[in-house]
Amino acid sequence: MCAAIAAFATVAVSVAGAQPASAEDSASDGSVQAQINDILARTTGGTQINENQIAWDDGTVVVTVTAGDEAAGGSSSGAVSAQAPDCDYQWTCLYEHVDFNNYKRGLTAAFYACDFFYLADYGLQDMASSWHNNQSGGAVSTVYDWTGDGWVVLWRSPPGSDAWVGSSVNDRADGIWAC
Ligand SMILES: [Ca+2]
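Our focus in this paragraph is the sheet that holds strand β11 (residues 175–177). The 4 strands lie next to each other as β6-β11-β8-β9, forming an open sheet whose pairing is antiparallel. The open sheet terminates on both sides in strands that have one partner only, identified here as β6 (116–118) and β9 (151–157). Neighbour-to-neighbour, the strand axes of the sheet open up by a mean angle of 25°, direction not taken into account. In this structure, strand β8 (residues 141–146) lies alongside β11, joined through 3 bridges in antiparallel fashion. Its bridge partner being in β11, threonine 142 is matched across the sheet by tryptophan 177.

On the basis of which strands lie adjacent, the open sheet formed by 7 strands has the order β1-β2-β3-β5-β4-β7-β10 and antiparallel pairing. Both edges of this open sheet fall to β1 (47–50) and β10 (160–162), since each of them pairs with a single strand only. Each adjacent strand pair in this sheet contributes to an overall mean axis angle of 20°, direction not counted. The sheet contact formed by strand β4 (residues 92–95) and strand β5 (residues 105–111) spans 4 bridges and is antiparallel. Opposite cysteine 93, over in β5, you have alanine 110 as the bridge partner.

Time to look at the confidence of the model for the protein chain. For any part of a model where pLDDT is low, the fine detail of the predicted coordinates should not be relied upon. With 75% of its residues at a pLDDT of at least 70, the protein chain reaches an overall mean of 84. Counting contacts from residues 1–29, a segment whose pLDDT is below 50, to residues more than four positions away or on other chains yields 31 contacts. Confidence over residues 74–79 falls short of pLDDT 50; this stretch has 0 contacts with residues more than four positions distant or in other chains.

Procedures and definitions
Residues numbered from 1 in each chain as written. Predicted model: local features only at pLDDT ≥ 70, side-chain atom pairs only at ≥ 80, totals over all residues. Pairing = 2+ DSSP bridges. Helix = DSSP H or I, 4+ residues; strand = E, 2+ residues; numbered from the N terminus. Axes fitted to C-alpha atoms, helices over the stretch in contact; angles between N-to-C directions. pLDDT = per-residue confidence, 0-100. Contact = placed C-beta atoms within 7 Å.

Written out as structure tokens, the structure reads:
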């Protein structure tokens, strides 16, 4: 528990320090808070910890809400800006969109504890499109779909990342064994 709380604190600080401009944009853009309110209304036990993040379970699950960055997707050069995988060390992450949430918009769910998580509990059911497993020790995350009467493995995430899970499993994930 102590380790989990320490990691939680580290995440909050690193995010606040790494993306001050994004946080400011979020503060002036009501859509981020609207999405946070929506997730909080659909889930239980979460606490908003800053302008664009919600934490659960003593900070071992963190969802980040980003509403988009026109500069990232609408540059005059026309270049598409893929985001780099950015899951913190020892965490495993699922992203709502391809390229680790291209254009800096969408939800990111980060998991620290070695446990099974129902994605509906964190507002990310049937949404995952890319992932980054930055855990240590070779821990593999396994992502599942609930079929109505059982769990089916959609994919396994070894240490590393995948910018696109593929059309056959996209937007189907309902659960994750983090390690
Ligand atoms: Ca599903």
